[in-house]
Amino acid sequence: MTESEDNRRQVLYWRLLARLFDGEEQAALESASVAVVEDIGLPSALLDPNVAVDSVVQRHPELAAEFDGLMVPDAEDSRDKAAEVRRAALVSKVLLNVFAQAPHTVTAGQLSCWQADAGWLERALGCRPGELRGGRPGGAPTGLGGTGGGGTPDLSTLLPAIGPDLAGIEADLVKRMHLREVLADPALAAKLSPSMSLIEQLLRDKDNLSGVALANAKSLIRRYVDEIAEVLRTQVEKASTGKVDRSVPPKRVFRNLDLDRTIWKNLTNWSPEEERLYVDRLYYKQTAKKTTPQRLIAVVDQSGSMVDSMVNCAVLASIFAGLPKVDVHLIAYDTQALDLTPWVHDPFETLLRTNLGGGNDGMVAMGLTQPKIAEPANTVVVWISDFYETRVEQLFESMAAIHRSGAKFIPVGSVTSAGRGSVNPWFRERFKDLGTPVISGHITKLVHELKTFLTS
């Protein structure tokens, strides 16, 4: 990169850092950045954090494609000196809009704009909008890692830190917003976009809402649940209805007649003189299926750190409950346990009955779980928690007993789109020794485990 272009790129990034750490404008950096942006043919609105990325793209639609995958390494662009300066200007825009200091009081419109800008940052990192904030299940971004040409750090290496930061910023914005007043105004409530942070706040505050505010809150929760369900259904293929049961005689009806086998078995009765096959026995196709249902028991820690797991698991349980021959049970717990099985087909109603927060006492959930294991070989127990428990050794011994009984026991750290979540190291080591290691919280891994069991 030539000295002139290197200086231009540095001006843009120094200006970005100055604005992120100090809300006051630095006159010299501002004027120099405006000159750089205008000289390379980009709109000066890219430098204004008060202008949403949506607004910039609406006025300059040709820029939309440039934001997609902007922070994913590209060898050709990294060798293009002018492209690096242009990239710096666009990267500065999404980072400043998302990470600039928020006002003390946030309006519904400001939250909506921030969510849209965060979506553009996720797209720049090669993700789907909402993915890094725990909003939508999906695969990890591809093509990340390494460094850009000329020793330029690859901005996508920030991904592990940006994900939690985005979720944290969004949660803080929701807390700064007078949510009850916004929900009471249909016009303002219509500006809200459902997200994990917003749903968490709504679920925590639902008992304090009434009338129009409660109706709007329920509408947002249902919209969010439907969005997640649409994504998860594509990941859950229809489970097998079971293997052919050879112990049940086939029905002797014409539609079940196995014509090829009947001819083959009666070939010894062929008469060459008459050129006729005499059939003394008919063979029928086996159609009866084994009807024993697989039992899935999902136990979810609903303490404060497991909100996204509760939401995703409620939706996932409802999807598996809709499959033939699958008997699904759902239990939520903190210091008390709640059997949500009667509502398992409706994740919306399930979530409205949760009580997020509190401590962890898995033994209260174990008391509801053990009686449901009638046929261990036909049962899978999925236990979703960070496993920071009250009665540690007693709970682990009960879990080990389930495993030894012949049931499949699957401990899961969390159920998020990004697979984040800490797990008590004491439990992690003992699950590993037991032969049932804690699986990553990425929801696609849990879907794979469950499908393998239900179709085996």
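Residues numbered from 1 in each chain as written. Predicted model: local features only at pLDDT ≥ 70, side-chain atom pairs only at ≥ 80, totals over all residues. Heavy atoms only, no water.

- Naming follows an unreviewed UniProt entry, where the protein chain appears as VWA containing CoxE family protein of Amycolatopsis oliviviridis.

## What about the overall build of the protein chain?
(1) Moving on: On a plain count of helices and strands, the protein chain comes out with 19 helices and 7 strands.
(2) Moving on: When burial is assessed residue by residue, the protein chain has 47% of its 456 residues classed as buried.
(3) Moving on: Counted over contacts in the protein chain with a minimum sequence separation of 6, partners at least 24 positions apart contribute 74%.
(4) Moving on: Accessible surface for the protein chain amounts to roughly 22,000 Å². Of this, 51% is attributable to carbon and sulfur atoms. (Helix = DSSP H or I, 4+ residues; strand = E, 2+ residues; numbered from the N terminus. Buried < 20%, exposed > 50% of the residue type's maximum accessible area, 1.4 Å probe, protein only. Contact = heavy atoms within 4.5 Å. Areas by Shrake-Rupley, 256 points an atom, 1.4 Å probe, with all protein chains shown as cover.)

## Here we look at the packing of aromatic side chains
(1) Moving on: Evaluated as defined, the whole model comprises 10 aromatic pairs.
(2) Moving on: With centroids separated by 6.3 Å and ring planes inclined at 70°, the aromatic side chains of F396 and F427 adopt a geometry described as edge-to-face. Here F396, found in helix α17 (residues 392–404), pairs with F427, found in helix α18 (residues 425–434); they are 31 residues apart in sequence, far enough to count as distant. The exposure classification of F396 matches that of F427, with both residues buried.
(3) Moving on: One aromatic cluster in this structure is built from F387, F396, F409, W426, F427 and F431.
(4) Moving on: Here R222 stacks its cationic end above the ring of F348, 3.9 Å away from the centre of that ring. (Phe/Tyr/Trp six-rings, centres within 6.5 Å; stacked < 30°, edge-to-face > 60°. Lys NZ or Arg CZ within 6 Å of the ring centre and 35° of its normal.)

## Describing the side chain of S271
(1) Moving on: Examined against the element boundaries, S271 turns out to sit in strand β1 (residues 270–271).
(2) Moving on: For S271, a relative accessible area of 10% corresponds to the buried category.
(3) Moving on: For S271, the residues in contact, after removing those within four places along its chain, are R276 and Y278.

## Thoughts on the layout of surface pockets
Where empty space is left in the structure can be found by rolling a water-sized probe over the atoms.
(1) Moving on: Space inside the largest pocket adds up to approximately 540 Å³.
(2) Moving on: Lining of the largest pocket is provided by 24 residues; of these, P49, N50, N97, A100 and Q101 occupy positions nearest its centre.
(3) Moving on: Elements that contribute at least two residues to the lining of the largest pocket include exactly α1 (3–21), α6 (81–99), α7 (108–124) and α8 (159–176).
(4) Moving on: With 5 residues, α7 is the largest single contributor of residues to the lining of the largest pocket. (1 Å grid on protein atoms, 1.4 Å probe; cavity = no way out; pocket = protein on both sides within 12 Å on 5 of 7 lines; lining within 4 Å. Points joined across faces, edges and corners; volume = space filled by probe spheres on them.)

## Considering a positive patch on the surface
(1) Moving on: Taken together, the side chains of R252, R261, K265 and R281 define a basic patch exposed on the protein surface.
(2) Moving on: Residue placement: R281 occurs in the loop between β2 (276–277) and β3 (294–301). (Patch = residues over 30% accessible without salt bridge, like charges linked within 9 Å, V, L, I, M, F, W, Y side chains within 5 Å. Salt bridge = Lys/Arg side-chain N within 4 Å of Asp/Glu carboxyl O. Lys, Arg positive; Asp, Glu negative; His and termini not counted. Charge placed at Lys NZ, Arg CZ, Asp CG, Glu CD.)

## Quick word on the pairing of strand β7 (residues 408–412)
(1) Moving on: Judged by how many residues are buried, β7 sits mostly within the fold: 4 of 5 residues are covered.
(2) Moving on: Strand direction decides the pairing type here: strand β6 (residues 379–384) and β7, joined by 5 bridges, are parallel. Looking at the pairing, W383 lines up with P411 of β7.
(3) Moving on: The β-α-β motif built from β6, the intervening α17 and the parallel element β7 has right-handed crossover chirality. (Pairing = 2+ DSSP bridges. Right-handed = clockwise from strand over helix to strand, strands pointing away.)

## What to know about α17
(1) Moving on: With 13 residues, α17 should cover 18 Å at 1.5 Å per step; its first-to-last C-alpha distance of 18 Å lies within 8% of that length.
(2) Moving on: Along α17, the residues classified as buried are L395, F396, S398, M399, A400 and I402.
(3) Moving on: Of the surrounding secondary structure, the elements contacted by the buried residues of α17 are α16 (362–369), β6, β7 and α18.
(4) Moving on: Downstream of α17 by a residue or two, G406 has a phi angle that is positive, lying close to 110°. (Expected span 1.5 Å × (residues − 1).)

## Here's the deal with the confidence of the model for the protein chain
(1) Moving on: Summary statistics for the protein chain give a mean pLDDT of 79 and a share of 80% for residues scoring 70 or more.
(2) Moving on: Across residues 136–161 the pLDDT falls below 50, and counting only partners more than four positions away or on other chains, this stretch makes 64 contacts in the model. (pLDDT = per-residue confidence, 0-100.)

## Some thoughts on α6
(1) Moving on: The end-to-end C-alpha separation of α6 is 27 Å, in line with the 27 Å expected for 19 residues at 1.5 Å each.
(2) Moving on: With 15 of 19 residues buried, α6 lies mostly within the body of the structure.

## A look at the environment of N7
(1) Moving on: Following the sequence through the fold, N7 ends up in helix α1.
(2) Moving on: Residues N7 and V36, spaced 29 residues apart in sequence, show a C-alpha to C-alpha distance of 9.9 Å.

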